[in-house]
Amino acid sequence: MKPQSGRLAFPEDENRHPWLALLLEIQHLTNQGVSKAIKADGRKLACGRGCASCCRTHTDIPVYPLELMGIAWYASEKLSGELRDRVRQQLLQHRDLGACPFLVDEACAIHPLRPMACRQFNVFNTVCAVGEDAFHTRLADVLKPDLKLKNEALREMLRHHKITDGRERRRLVETGEVHRLAQSLREMRWETLAARMAALPAPRPV
Ligand code: SF4
Ligand code: SF4
């Protein structure tokens, strides 16, 4: 698959893992849907580096099977050094953390491969207060991603599930049935990924 211009690319890994190219295309579509909506809205986003209270507050972040493959790949094959050790420890303790296990020092350790839901949740105007879920407290400030691009990303994801018929993919997205594929990020059995990270040699830091 020839990458769309502007999307993240890992050429060697994409050759080894053909599903990765599809995931990166989907993420690119998702990012485009977010950028387009921010531009159309015209307000200033409150979200920024080091702001991560949503990674604690949100306990129902959906993650799709293809996204889980991407997270597992990135964590086990790309993270190195202290960050790798911290993530592995947090994956083992994830039930007691009160935060997403990938949140390290107020930053997302898997940022390039973070799920669609994390990419799409953005808030305008004011930074969220500790414990605030702006979706419930001030929905008008929550970004609504461009629906056409968001749905296109979901339809593309269905290719991973061998659903090639365009009309069926459209139906599954428009009826919301596609969301049945998702699991809750916070409720995953992350110990399995921690074990995989321990078994694989860490890459050399770049
Ligand atoms: S959603 Fe709220 S907590 Fe999360 S980055 Fe944006 S402003 Fe910060
Ligand atoms: S995956 Fe990253 S962005 Fe999403 S909740 Fe976890 S730390 Fe936050």
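Residues numbered from 1 in each chain as written. Chains lettered and ligands numbered in written order. Predicted model: local features only at pLDDT ≥ 70, side-chain atom pairs only at ≥ 80, totals over all residues.

Undergrad: Would you mind going over the overall build of the protein chain with me for this structure?
TA: The helix and strand inventory of the protein chain stands at 11 helices and 4 strands. Taken over the C-alpha trace, the protein chain has a radius of gyration of 17 Å; the compact-globule value for 206 residues is 17 Å, and the two agree within 12%. Overall, the protein chain is about 45 × 45 × 30 Å in size when its C-alpha atoms are taken along their principal axes. Pairs at least 24 residues apart make up 73% of the contacts formed inside the protein chain by residues separated by at least 6 positions. (Helix = DSSP H or I, 4+ residues; strand = E, 2+ residues; numbered from the N terminus. Rg over C-alpha atoms; globule rule 2.2 N^0.38 Å. Contact = placed C-beta atoms within 7 Å.)

Undergrad: Just to check I follow, could you spell out the nonpolar core for this structure?
TA: Here is a general trend for soluble globular proteins: nonpolar side chains tend to be buried in one another's company. Counting residues in each nonpolar core, the largest one holds 41 residues, and the members touching the most others are Tyr74, Ala75, Val87, Ile110, Ala153, Met157 and Leu193. Every element with two or more residues in this core is listed here: helix H2 (18-41), helix H3 (54-57), helix H4 (65-77), helix H5 (81-92), helix H7 (116-120), helix H9 (147-157), helix H10 (166-174) and helix H11 (191-199). Non-local contacts of Ala75, meaning those with residues more than four positions away in its chain, are made with Val87, Ile110, Leu193 and Met197. (Core = buried A, V, L, I, M, F, W, Y, C linked by C-beta atoms within 7 Å. Buried ≥ 20, exposed ≤ 12 C-beta atoms within 10 Å, placed from the backbone.)

Undergrad: I tried to follow H4 on my own but got confused; where do I start?
TA: Structurally, the α-helix is built with 3.6 residues per turn, so residues lying three or four positions apart point the same way. Along its 13 residues, H4 runs 18 Å from first to last C-alpha, staying within 8% of the 18 Å computed at 1.5 Å per residue. When H4 is considered as a whole, its buried residues turn out to be Leu66, Glu67, Gly70, Ile71, Trp73, Tyr74, Ala75 and Ser76. For H4, the elements touching its buried residues are H2, strand S1 (62-63), H5, H7, H9 and H11. (Expected span 1.5 Å × (residues − 1).)

Undergrad: Explanation requested: the packing of H9 against H10 in the structure shown.
TA: For any two helices packed against each other, one specifies the crossing angle of their axes together with the interaxial distance. Running from N to C, H9 and H10 cross one another at 120°; their axes reach a closest spacing of 9 Å. The angle between the axes of H9 and H10 places the two elements in the oblique class. Here the hand of the crossing between H9 and H10 comes out right-handed. Seen from H9, the contacting residues are Asn151, Leu154 and Arg155; seen from H10, they are Arg169, Arg170 and Val173. Its residues assigned to classes, the contact of H9 with H10 shows 2 nonpolar, 1 polar and 3 charged. (Axes fitted to C-alpha atoms, helices over the stretch in contact; angles between N-to-C directions. Parallel < 35°, antiparallel > 145°, perpendicular 65-115°, else oblique. Left-handed = near helix turned anticlockwise from the far one by under 90°. Nonpolar A, V, L, I, M, F, W, Y, C, P; charged D, E, K, R; others polar.)

Undergrad: Explain the site of ligand 2 to me, please; I cannot follow it from the model alone.
TA: If you check the shell around ligand 2, you find Cys55, Ile61, Cys100, Phe102, Leu103, Cys108, Ile110, Arg114 and Cys118 and nothing else. Looking at the shell around ligand 2, its residues break down into 8 nonpolar, no polar and 1 charged. (Near = placed C-beta within 6 Å.)

Undergrad: Would you take a moment to explain the site of ligand 1 for this structure?
TA: Every residue lining ligand 1 is accounted for by Ala46, Cys47, Cys51, Ser53, Cys54, Phe121, Asn122, Val123, Val127, Cys128 and Ala134. A breakdown of the residues in the shell around ligand 1 according to their chemical character gives 9 nonpolar, 2 polar and no charged.

Undergrad: Would you explain H5 in this entry?
TA: In a regular helix each residue adds 1.5 Å, so 12 residues correspond to 16 Å; H5 covers 17 Å between its end C-alpha atoms and thus fits that length. Residues of H5 that are buried: Arg84, Val87, Arg88, Gln90 and Leu91. The buried side chains of H5 occupy one side of the element, clustering within an arc of 165° when seen end-on. Buried positions along H5 lie against H4, helix H6 (94-97), strand S2 (103-104) and H11. (Arc of directions from axis to C-beta.)

Undergrad: Please explain unusual backbone geometry as it appears in this structure.
TA: Glycine aside, a negative phi is what most residues show, and trans is what most peptide bonds show. The backbone phi angle of Asn125 is positive, close to 75°, even though this residue is not glycine. Summarising the element assignment, Asn125 is placed in the loop between H7 and helix H8 (134-137). By the C-beta count within 10 Å, which is 12 here, Asn125 ends up exposed. A positive phi is found at Lys162, a non-glycine position, where the angle reads about 65°. Following the sequence through the fold, Lys162 ends up in the loop between H9 and H10. With 6 C-beta atoms packed within 10 Å, Lys162 lands in the exposed category.

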